[in-house]
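So you can see what is in the structure, the chains are spelled out below.
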Amino acid sequence: MATTTADTKNPLSLTASNSSSSDAHNPIPLEGQTEHLPTFEHEKRLALKFDVRILPMLALMYLFNALDKGNLGNAKTDKMDVDLHFKPGQYNIMLSMAEASFFPLVIYYLTTFYRRGELARRLALFYAASNIANAFSGLLSFGVFHIKNNKLEGWRYLFLIEGSLTVLFSFVAYWWLPKSAHEAKFLSEDEKKLAFTRIQIDSSAIVGEKFNLKDSLQIFKLPSTYGFLAIEICLGVPLQSVGLFMPQIIAALKYDTIKTNLYTVAPNCVGAVFLLILAFSSDFARIRFPFIALGFSLTFIGFIIFAAIDVPSHLSTAYFAAFMMVWGTSAPSVLLSTWYNNNVAHEGRRVTLTSVGVPLANLMGVVSSNIFRDEDKPKAAYVAQGQLWSSYLV
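These lines cover the structure that appears in this document, whether it is placed above or below. (Residues numbered from 1 in each chain as written. Predicted model: local features only at pLDDT ≥ 70, side-chain atom pairs only at ≥ 80, totals over all residues. Heavy atoms only, no water.)

1. Structural notes on the overall build of the chain
Along its length, the chain carries 17 helices and 3 strands. Residues classed as buried in the chain amount to 52% of the 394 residues present. Looking at the chain alone, contacts between residues at least 24 apart form 77% of all its contacts between residues at least 6 apart. By element, 65% of the accessible surface of the chain is carried by carbon and sulfur atoms, the whole surface being about 18,300 Å². (Helix = DSSP H or I, 4+ residues; strand = E, 2+ residues; numbered from the N terminus. Buried < 20%, exposed > 50% of the residue type's maximum accessible area, 1.4 Å probe, protein only. Contact = heavy atoms within 4.5 Å. Areas by Shrake-Rupley, 256 points an atom, 1.4 Å probe, with all protein chains shown as cover.)

2. As for the packing of helix 4 (residues 102–111) against helix 14 (residues 330–342)
Relative to each other, helix 4 and helix 14 sit at 50°, their axes nearing to 11 Å. Of the possible angle classes, the one that applies to helix 4 and helix 14 is oblique. The crossing of helix 4 and helix 14 is right-handed. For the pair helix 4 and helix 14, contact is made by Phe-103, Ile-107 and Thr-111 and by Ser-333, Ser-337 and Asn-341, respectively. Its residues assigned to classes, the contact of helix 4 with helix 14 shows 2 nonpolar, 4 polar and no charged. (Axes fitted to C-alpha atoms, helices over the stretch in contact; angles between N-to-C directions. Parallel < 35°, antiparallel > 145°, perpendicular 65-115°, else oblique. Left-handed = near helix turned anticlockwise from the far one by under 90°. Nonpolar A, V, L, I, M, F, W, Y, C, P; charged D, E, K, R; others polar.)

3. Observations regarding helix 11 (residues 265–285)
Counted at 1.5 Å a residue, the expected span for helix 11 with its 21 residues is 30 Å, and the 31 Å between its end C-alpha atoms agrees. Note on helix 11: the residue one or two positions beyond its end, Arg-286, has a positive phi of about 55°. (Expected span 1.5 Å × (residues − 1).)

4. Here's the deal with the nonpolar core
Within the largest apolar cluster, 57 residues are counted, with the highest numbers of intra-cluster contacts made by Phe-50, Leu-58, Phe-103, Leu-110 and Phe-126. Tallying contributions element by element places helix 2 (residues 55–77) first for this core, with 9 residues. When residues no more than four places from it in sequence are discounted, the contact partners of Leu-110 are Ile-54, Leu-55, Leu-58, Leu-119 and Leu-123. (Core = buried A, V, L, I, M, F, W, Y, C linked by side-chain atoms within 4.5 Å.)

Shape descriptors only; they carry no functional weight alone.
Encoded structure:
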């Protein structure tokens, strides 16, 4: 970590005594140079530039990523598992692989652009694309399943359309996104220095540090690491259950295939709003855990309501419970990732923990696939889900 000495003539400046990175191109102050600390006005303008340039692109990338993952649930409502002769449980092996590396690396990427108190709401805006994607996937499935063609089933058209969009968009993203904050070509030299300095002050011990696997694995010597990973596991089951199986949950309302996919739209849109509310509130309060617990509670209550009622006799209540399931799943995922990224200054250890924690939560899709089994629907699955939540909350 760079050592600094204060300029006695100007309390709002600092003088660097040694380099904080092995990268000679980093815009860091040299020994004897005086660099002013970032001001709120300058940082606000810089963060806005990052918001405009980076967040929309990442949100679109995640939208396509989530579409490709979420359409598996939509495709199942069109009998994809029957057409491909899947055995019980075989269908869901591929679910946890859909975003194994994308999401954790985007989280780390954003930590190199934003301060700790700026991160949750930006990550929420990015993650909200997942809810919008699930909603859009339902709309797209609603349209695609109207296609009448004897050559291809509707779910095959769904994969062709969504998969093609993702591949084409990847080339645009590669050209558009900067490698790092202090190397962004759309910034002036002064802005690059500011981008570097504010992350050095607030987030990273060494900005742009070269990754060292042996050093990064030291994160697993910290007891807190296993606490975070345990929460990721508990979070992963409901998160994957709701994200991947919302069409099957709505199917318990006994609508036809087309209407079932259409009715997944509203819960996901409202879920995106709740995600933003909780994330912005968390950044404002500069605290994470109470908002994570609130999100858990909302989803827990939704599952309990769904399991406790006679669904065919109480369709409106059951549909409201589906809304509650979505309200609480996204926000804890965002805030938990923000929580431990905020508290690991070493960049290599930060990306290592994120790269293990997020896929671990995704792996819980395998557990979800054994909860939402066809032979158990519609009631036992939700009771089992509620029992899982109960064991965690206790």
